[in-house]
Every structure is written in structure tokens, then in C-alpha cells.
Amino acid sequence: MNRIKLKITALSPLAIAAKKPGSVSEAEDHIPGSVIRGAIASQILQLSNQQTPGISEENLSTGGGEFEAIFLSDQPAIFQNAYSAIAKIADESNPHKSKPDLISEFVEDEVMVLPATAVSSKTDSGFKPKANGVFDTLIDRFCADAYNYPFDPSDPESLKEKTDARVEPYSGFYSCKNGKYRSHSVTTRFLTRVGINRQRTTSQDDILYSIEVLNESFVKNPQGQNWHPVVYRSAIIVNNEDLAKSLKNFINDNSQILRLGSATSRGLGKVKIEAEIEDAVSNVETRITKFNQQLKDRWQLWSVFGEAENNLLEGRKYFTLDFQSDVILAENWRRTTVISPKMLCEFVGLDKEFAKLKSEEQNDFVKLEIAYSSYNYRSGWNSALGLMKDIELVTNRGGVYLFSTSQENEQLWIDKLKELELKGVGDRTSEGFGQVQICNEFHNIFRENAK
């Protein structure tokens, strides 16, 4: 697998709407992989049409060369979502402040999605030192259920201050460097435009409309005057090394020609895209080992409440699937929001082995222990066909699925999960859906060590 890192610098506002059922249209908080994929495909066809007139009207699903291999083959390139690389960092220049201000800065670190099991204070949510901190509850909830003990987490900082200690789910994007966690987000604004009278080609009376766009620039601090361009980070996963080099060269050669989103004829969507190839190296095994060690230590800590009915850790290894983007799941031709053991085996190519096992043997092979997920509906616009896309039931990003397997099958699953993390799960993975991470390291952040 070859990974093409993309650095997308916004040079004008981006009109990227999230299409939902009805007439609701609001700006996304990221650049979907489908938008990047469509922009690159459109530019390739446009340039090819100049050299070979009429080629864009031909059927390129057979004999389409590199274009077919990248976009239309059985194993197409995977265009991942682009998330903002602008982080909120604590300004520690003034040591006299108890809670420092936040400044915005571009960072090179990987941007990830917080799991659905992350929580923060209800009254002062966010990462330390500006807020009360964020921590994860997956492992503690699992242990509490095993020991038949109620688990109602509270915010330790609020308890110290004798204020409301309730917590609530905390979602969003984050990055980490040297043990310090930073949140990532985008800002939006509305652009108001006037409608044009097609007959007179002048402005039409009483016709105004507004477009919600992603801002193209930011200031380092609220009092600052210097504006900096917003940068997004994404990646493209390509099987063939030669294809990866060709695609990287094409992107760099046309870095300032590509346009993202809608309303590009009105000056929106201008970006600069820089591509760089790197090896798709995964540290899945390290993350799984660390997760199981933390689970074992926490299990022993919970033993102060007595003995569990069953030692769920004996002879078992655990791993999580953490959704880094919205996912489209289907089982028996029906949409679902839960990954069953059977579906997981299909994703990793172990469905035949799983089908041969009896019911008890299947649980020993792989078992879904717990799931945290929510759902939404998504649609979109297919520029190539000029049609609306089908409305899809999607499982929201941040979803968490805890699985276990026998120790005998541990290495088998580690090898399969390495591939799964690159390829993704569910349908339309080439468009940015189905990005998944194995054992997100934030599951190792507990209440007493809130970040």
C-alpha cells in the first residue's frame, strides 16, 4: 500500500454543503473525500478532453488506463476526508493566568476523531489547561458491567471546586504532541449574494440568497491582525506504486488549478494542494498491546469491589474499531449501525472460516463485546451525472466497537486489522466513508488523568 499525503491550503472560502433530507443544507466541518476525488477526476478528464476531444463521453470503465485503475477498478484509490490542521493551543506566555488563553496554530501532527466514549465537564468542557479536561470511559464501563457495579463518571476538577461535576459526551477532532492534547475545528460564515435576471443579465429585485462557507483564513489570537491560510490534511491510499507516483505528480503539477466544493464559478473553492508519497506504515500491533495492558491493569483495580462472575480477560485479547469518518454499513442488504462478528469477518476476508464454525466456536473466534454508535442520513450531488446521490443511512464518526478474540488467533487478527485500517469498512470507502482506526490511543486516558 502507498499513501499520498495531501496538504490542502485554502485560498478562498470553501462552499462544501452537507446535504440532508429536505431542504436543509449546512456547511461541513471538513472536506469530504468524495469532494477531493471528484475534483481530481474532473480535472483529469478536462485536460484529457483537450488532448483527445470527446474522451470524457466515452466509457472509461474498460480500457481507461490509469484513470480506470484509480477511479473505476475493483480496488480504486481511497480518498480520505481532509480535516483541519489548525489546532487550539494553550498560550502559556503569561504564567500568571490560572487558565491560559487559546491561540490557533498550524500543526503537522495527525488529526484524529475523538471516540464516542470520551466525556468532559458539562460546565467547562474541553482539553486542559484551558478547560477541565477530557477522558475516556470505555474500559471503565466494560469493567463496571463485568463487576455488576454502576458506573457514573464525574469531573474531578469540578469536585475539587465544589461545582456541578456532571459530564457529557465530548466530540470533535484532536491531535496530540508530547502528551498535550489540542482540539481542531473550523469556522464558517455566510456570504450573501444577489440573484441574476437571466433576460437582462442584471441583478434581480427581491432575490437574495446566502451560502454558508468554510473560512479560508484565521488569526493566531483574537486580538491579532495577521491572517493565515487555513490548512487541511488528507491522504490517498493507492495499491500500485507506479499509479501513486503518477497521481502525486499530476496533483503537484496542477496544485493551484483544482477547485473544491460548489460555486467555483463565483470565486469559491480555490485551493493549493501539495502531495507527498510515504509508506503506509501501521503501528496497530503496538496499540493493541498497549490497550490490553491498560485493560488488564484497570481490571485489577476494579477488583476492590469483589470478584467478577467471569474473568473476561482469561484467554482473550481485545481490540476496538474507532470510526474516523462516517460509515455506510449493510448486512443482508439492509442498512445497520452495528458491525456484527460476521460482518467484521467479511471485511477482513475471514468469512469462509467463520461460516464453518459452530455458534460457540464463532464466539471464541471473534465476539462483539460492546458498541457505542449513533446514526444520521447523508446525501450529496454527483457532478458527473448531474444528479442527487441516494440518501444513505450512515453511522456517525466516533463510533466505537469493542471486540475480543482468543489468544490463539491474536496474530491472525493483528495482520488482518493492519489491512483493515488502510482499506476501511463498509460501502463507498473510496469516497472517504469507512475510515477506521484500531485501538485509538485516547481509550487509555482515564478519569484521574484527564487531558
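The following paragraphs examine the structure supplied in this document. (Residues numbered from 1 in each chain as written. Predicted model: local features only at pLDDT ≥ 70, side-chain atom pairs only at ≥ 80, totals over all residues. Heavy atoms only, no water.)

1. A word on the nonpolar core
Phase 1: Phe319, Leu321, Ile339, Leu344, Val366, Trp413 and Leu417 are the most contacted members of the largest nonpolar core, which totals 44 residues.
Phase 2: Those elements giving two or more residues to this core turn out to be α3 (138–146), α6 (284–302), β20 (316–323), α7 (341–348), β28 (400–406), α10 (410–423) and β29 (436–438).
Phase 3: If you look at the next biggest cluster of nonpolar residues, it comprises 37 residues, including Leu14, Ile16, Ala39 and Phe67. (Core = buried A, V, L, I, M, F, W, Y, C linked by side-chain atoms within 4.5 Å. Buried < 20%, exposed > 50% of the residue type's maximum accessible area, 1.4 Å probe, protein only. Helix = DSSP H or I, 4+ residues; strand = E, 2+ residues; numbered from the N terminus.)

2. Notes on the sheet that holds strand β6 (residues 86–90)
Phase 1: Strands sit in the order β7-β6-β13-β12-β8 across an open sheet of five strands; the sheet is antiparallel. Because the sheet does not close on itself, it has two edges, and the strands there are β7 (102–106) and β8 (112–113).
Phase 2: Note: β6 against β7, five bridges, orientation antiparallel. Across the sheet, the residue bridging to isoleucine 89 is isoleucine 103, located in β7. (Pairing = 2+ DSSP bridges.)

3. Points about the environment of glutamine 362
Phase 1: Locating glutamine 362 in the fold gives a position in helix α9 (residues 359–365).
Phase 2: For glutamine 362 and cysteine 176, which are 186 residues apart along the polypeptide, the C-alpha to C-alpha distance reads 37 Å.
Phase 3: Setting aside residues no more than four positions away along its own chain, glutamine 362 makes contact with Phe354 and Leu357. (Contact = heavy atoms within 4.5 Å.)

4. Quick notes on the packing of α3 against α6
Phase 1: Axis separation between α3 and α6 bottoms out at 10 Å; the angle between their running directions is 45 degrees. The pairing of α3 with α6 is recorded here as oblique in orientation. Crossing angle aside, the handedness with which α3 passes α6 is right-handed. Residues Leu138, Ile139, Asp140, Phe142, Cys143, Ala144 and Ala146 of α3 lie in contact with α6, whose contacting residues are Phe291, Gln294, Leu295, Arg298, Trp299 and Trp302. (Axes fitted to C-alpha atoms, helices over the stretch in contact; angles between N-to-C directions. Parallel < 35°, antiparallel > 145°, perpendicular 65-115°, else oblique. Left-handed = near helix turned anticlockwise from the far one by under 90°.)

5. Things to note about the environment of isoleucine 8
Phase 1: Considering the arrangement of structural elements, one finds isoleucine 8 in strand β1 (residues 2–10).
Phase 2: For the pair isoleucine 8 and tyrosine 232, spaced 224 residues apart in sequence, the C-alpha to C-alpha distance is 5.0 Å.

6. Points about the pairing of strand β27 (residues 392–395)
Phase 1: Residues Glu392 and Val394 of β27 are buried on one face, and the alternating residues Leu393 and Thr395, pointing to the opposite face, are buried as well.
Phase 2: Two elements, strand β24 (residues 375–378) and β27, share four bridges in a ladder whose sense is antiparallel. Along β27, the bridge assignment pairs arginine 378 with glutamate 392.

7. Thoughts on the packing of aromatic side chains
What describes a pair of aromatic rings is the distance from one ring centre to the other and the angle between the planes of the rings.
Phase 1: With the rule as written, the count across this model stands at 22 aromatic pairs.
Phase 2: Relative to phenylalanine 71, the ring of phenylalanine 67 has its centre 4.9 Å away and its plane inclined at 40 degrees; by these criteria the two rings are tilted. With phenylalanine 67 and phenylalanine 71 both in helix α2 (residues 65–72) and four residues apart, the pair spans about one turn of that helix.
Phase 3: Assessed through its relative accessible area of 14%, phenylalanine 67 is described here as buried.
Phase 4: Ring pairs connect the aromatic residues Phe127, Tyr170, Tyr174, Tyr181 and Phe442, which therefore count as one cluster. (Phe/Tyr/Trp six-rings, centres within 6.5 Å; stacked < 30°, edge-to-face > 60°.)

8. Re the pattern of salt bridges
Phase 1: For the coordinates displayed, the defined rule picks out 22 salt bridges.
Phase 2: One salt bridge connects glutamate 28 with arginine 378, and the closest N-O pair in it is separated by 2.7 Å. One end of the pair, glutamate 28, is in the loop between β3 (25–27) and α1 (33–51); the other, arginine 378, is in strand β24, and 350 residues separate them in sequence.
Phase 3: With a shortest N-O distance of 2.8 Å, arginine 335 and aspartate 427 are connected by a salt bridge. Here the residue arginine 335 occupies a position in strand β22 (residues 334–336), and aspartate 427 occupies one in the loop between α10 and β29, the gap between them amounting to 92 residues.
Phase 4: Taking relative accessible area as the criterion, arginine 335 reaches 36% and is therefore assigned partly exposed.
Phase 5: A cluster of three or more residues bridged by salt bridges with shared partners is formed by Arg335, Lys389, Glu392, Asp427, Arg428 and Glu431. (Salt bridge = Lys/Arg side-chain N within 4 Å of Asp/Glu carboxyl O.)

9. What about α7?
Phase 1: Restricting attention to buried positions, one finds in α7 the residues Pro341, Met343, Leu344, Cys345 and Val348.
Phase 2: One or two steps after α7, the chain reaches glycine 349, where phi turns positive at roughly 80 degrees.

10. Quick word on the side chain of aspartate 109
Phase 1: Here aspartate 109 is to be found in the loop between β7 and β8.
Phase 2: In contact with aspartate 109, other than residues within four places in its own chain, are Ser175, Cys176, Lys177 and Arg182.

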